[in-house]
Amino acid sequence: MSDAVRNYLPVKVISVDSETKSEQNDVDRHNKPRLRRALIISAFIEKYSHLVQVINAPVSSNCDLVDLYSSVHDVGMIQFLVNAWSKWEAMGPDWDSDCCQPGWKGNGPPPLVPCHAAFRRDGIERVSSNVMGAFGYYCTDSLTPIVESLVTELQEDASIICEAVNLALLRNSVVYAATTHPGHHSNFDNFGGYCYLNNAALCARLMQKRLDDAAGNRRVAIIDIDYHCGNGTASIFYRVPDVFFTSIHCDPEIEYPFNAGYEDQIGEGAGKGSTLHIPLAPGATWEDYKPALEKAMNAIMEFDVGGLVVSMGLDTYEGDSVSVRKGGFKLRGNDYVELGKTMGSYMKDNFIPTVFVQEGGYKMDVVGEAAADVLGGFSEGTMKG
């Protein structure tokens, strides 16, 4: 191993020992979060064994999701997610077919999907005690199922985020939180887009608490590099002055989530100026993406932060099955190394504690290597000289 490689910033991958029923990997034809996590961890070990340490976060079945996530989410929504499966299971065996996952062939109760949508929050409707009605109240689509393993996986994800923050603030490594579920489409009281609880938002809030305890700079930035705008994260911090949020994504006039991510959405009230959306046209290549990334990173540096959260989506890859349906970007191969190096280069003179949090990515033959390359590139980019 060369001296240069020895001097790379170590990468700590935070995961859990978890076994999930195999049929739940096939709940959705595009989204396979459990498989994605396994492929990413495997790629880290295979390609960057000289940099990577995989650490299993301690997980307790008593992990209180309400207590942890209430700083970023409505308590009622969290409680719904905690209790939804047991309520759905109790309704069987004659489940309403409209709310059953289409094509389910597994054993036991079918995954629950929304089939009844509420009006947007107009003060007239209230959340139903019926799990089917409550699902339509909180969920924004029909693609984000409730499955038997969900609560356990959300507890695991919360534990991963907590451990990632603890390690990142030691300032001796870059940390990757290998959560099962993405979270950036979940706002204060809605979830959807394959997301349930917003892990990046929790990460930012936990960072701030730790920085407060250490009498440090509590300003935190979140950069979202998923193909889709991190509309949930943007919403949570839209009026917050000490969290800077920036997202590089496909034009919302063309791509999901459609109604957020416009350039003129810069925050409101005390948070005005703390949001930066950078929409790009479909077909964007690394040559198009790099200037946007540099714009975002320069803005983060100007905000003078004590911590950084990276919402790392990998559906920017050319040919990603979810992205190409409406547009898609055309990043590929070594572009992800360069993406990481570009971000890391801003840390050469003043390293900022950084946690990468997994979001989307649906091209399973490349998603693992792409994730590993971003972190490997970031580590290399932080090197001086």
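Treat the numbers as computed from the prediction; the structure is a model and nothing was measured.

A few words now on the overall build of the protein. Within the protein, the secondary structure is distributed over 11 helices and 8 strands. The globule rule puts the C-alpha radius of gyration for 385 residues at 21 Å, and the 20 Å found for the protein is close to it. Each principal axis of the C-alpha atoms in the protein carries an extent, and together these give about 65 × 45 × 45 Å. Evaluated residue by residue, the protein yields a buried proportion of 58% over its 385 residues. Within the protein, contacts between residues at least 6 apart in sequence are counted, and of these 76% link residues at least 24 apart.

If you trace the 8 strands from one edge of the open sheet to the other, you get E2-E1-E3-E8-E7-E4-E5-E6, paired in parallel fashion. What marks the edges here is a single partner per strand, and that holds for strand E2 (52-56) and strand E6 (275-280). Taken over all neighbouring pairs, the strand axes of this sheet differ in orientation by 15° on average, direction set aside.

Grouped together as the largest cluster of nonpolar side chains are 62 residues, with contacts concentrated most on Tyr-69, Phe-80, Leu-81, Ile-146, Phe-191, Val-309 and Val-355. Among the elements that take part in this core, helix H6 (residues 150-168) stands out by supplying 9 residues, more than any other. If you look at the next biggest cluster of nonpolar residues, it comprises 60 residues, including Ala-221, Ile-225, Met-364 and Ala-372.

With that settled, consider the environment of Asn-187. One can find Asn-187 in the loop between strand E3 (174-177) and helix H7 (199-213). Given a relative accessible area of 18%, Asn-187 falls into the buried group. Residues Asn-187 and Asp-74, spaced 113 residues apart in sequence, show a C-alpha to C-alpha distance of 9.0 Å. Residue contacts for Asn-187: discarding those within four places in its chain leaves Val-72, His-73, Met-77, Gly-232, Ser-235 and Ile-236. Within the structure, the side chain of Asn-187 is placed 3.1 Å from the backbone nitrogen of Asp-189, a separation counted as a polar contact.

Attention now goes to the environment of Lys-330. With respect to the helices, strands and loops of the structure, Lys-330 is situated in the loop between strand E7 (307-312) and helix H10 (335-344). With 316 residues separating them along the chain, Lys-330 and Ile-14 place their C-alpha atoms 29 Å apart. When near neighbours in sequence (up to four residues on either side) are disregarded, Lys-330 contacts Gly-283, Ala-284, Thr-285, Thr-316, Glu-318 and Asp-335.

Let us look at the state of the cysteines. Disulfides are covalent bonds that link the sulfur atoms of two cysteine residues. According to the stated counting rule, one finds 1 disulfide in the structure shown. Between the sulfur atoms of Cys-99 and its disulfide partner Cys-115 the distance amounts to 1.8 Å. In this structure the cystine formed by Cys-99 and Cys-115 twists about its S-S bond by roughly -40°; its chirality is therefore left-handed. Of this pair, Cys-99 sits in the loop between helix H4 (75-90) and helix H5 (131-138) while Cys-115 is found in the loop between H4 and H5, placing the two residues 16 residues apart along the sequence. Residue classification places Cys-115 among the partly exposed residues on the basis of a relative accessible area of 27%. Cysteine Cys-100 shares no disulfide, and the gap to the nearest cysteine sulfur, in Cys-99, comes to 7.3 Å. Overall, the relative accessible area of 15% leaves Cys-100 in the buried class. Lacking any disulfide linkage, Cys-229 is separated from the closest cysteine sulfur, that of Cys-250, by 11 Å. Look at Cys-229 and you get buried, because its relative accessible area is 1%.

What counts, and at which threshold
- Residues numbered from 1 in each chain as written.
- Predicted model: local features only at pLDDT ≥ 70, side-chain atom pairs only at ≥ 80, totals over all residues.
- Heavy atoms only, no water.
- Helix = DSSP H or I, 4+ residues; strand = E, 2+ residues; numbered from the N terminus.
- Rg over C-alpha atoms; globule rule 2.2 N^0.38 Å.
- Buried < 20%, exposed > 50% of the residue type's maximum accessible area, 1.4 Å probe, protein only.
- Contact = heavy atoms within 4.5 Å.
- Pairing = 2+ DSSP bridges.
- Axes fitted to C-alpha atoms, helices over the stretch in contact; angles between N-to-C directions.
- Core = buried A, V, L, I, M, F, W, Y, C linked by side-chain atoms within 4.5 Å.
- Polar contact = N/O pair within 3.5 Å; in protein donor to acceptor, adjacent residues only side chain to side chain.
- Disulfide = S-S within 2.5 Å.

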